[in-house]
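Reading the structure
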Amino acid sequence: MKVLWVSHFVPYPPRGGNRQRSYNLLRELAREHDVSLVAFNLDSEGATILRDYKSKLEEVCQSVEFWDMAVKWRSPRWALGLAANLISSHPLSCDCFWSARLE
């Protein structure tokens, strides 16, 4: 079976609860299925670090892509969006994670 795993963060390195859990779930799933990973660069990691993470994740996944977020997490724009979200009809995460490429 082919599986597309879309994550709101890069599940590497496998330290801490969320990254460790996601990495191990990916690893176990990939034992019997072809897993493709698409992950948002929530922590705004640099290109060099992402290259290293990608090579490690490609040992587990058939393909790996990292996408930048439309709104950098915990940036001034994010804080303004959070304040403006009080009168918005949709959640802030819709603006932060929206991507024309994903659509």
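That block above? That's the structure.
Read on for a plain summary of the structure. (Residues numbered from 1 in each chain as written. Predicted model: local features only at pLDDT ≥ 70, side-chain atom pairs only at ≥ 80, totals over all residues. Heavy atoms only, no water.)

**What to know about the nonpolar core**
Among the nonpolar cores identified, the biggest contains 15 residues, and V10, L37, L57, C61 and F66 are the most heavily contacted of them. At the level of secondary structure, the elements contributing two or more residues to this core comprise α1 (17-30), β2 (34-40), α2 (47-57) and β3 (63-67). Dropping the residues within four chain positions of it, F66 is found in contact with V10, A39, L50, Y53, K54 and L57. Core analysis: the second largest hydrophobic core is formed by 7 residues, V38, W67, M69 and F97 among them. (Core = buried A, V, L, I, M, F, W, Y, C linked by side-chain atoms within 4.5 Å. Buried < 20%, exposed > 50% of the residue type's maximum accessible area, 1.4 Å probe, protein only. Helix = DSSP H or I, 4+ residues; strand = E, 2+ residues; numbered from the N terminus. Contact = heavy atoms within 4.5 Å.)

**A word on α2**
Of the residues making up α2, those classed as buried are L50, Y53 and L57. For α2, the arc enclosing every buried residue in end-on projection is 60°, short of the 170-degree limit, so these residues lie on one face. The elements touched by buried residues of α2 are α1, β2 and β3. (Arc of directions from axis to C-beta.)

**Points about α1**
Helical periodicity: at 3.6 residues per turn, an α-helix aligns residues three or four positions apart in one direction. An ideal rise of 1.5 Å per residue puts 20 Å on 14 residues; α1 measures up with 20 Å between its terminal C-alpha atoms. Taken together, the buried positions of α1 are R19, S22, Y23 and L26. All buried residues of α1 project into a common sector of 100° when viewed along the axis, lining one side. For α1, the secondary structure elements touched by its buried residues are β1 (2-7), β2 and α2. (Expected span 1.5 Å × (residues − 1).)

**Digging into unusual backbone geometry**
In this structure, the amide linkage connecting Y12 to the following residue, P13, adopts the cis form with an omega of -5°. For P13, the position within the fold is in the loop between β1 and α1. Located in the positive-phi region is S44, a residue other than glycine, with phi close to 55°.

**Remarks on the side chain of S7**
Here S7 shows up in strand β1. Note on S7: relative accessible area 6%, which makes it buried. At 2.6 Å, the side chain of S7 and the backbone oxygen of F9 are in polar contact. (Polar contact = N/O pair within 3.5 Å; in protein donor to acceptor, adjacent residues only side chain to side chain.)

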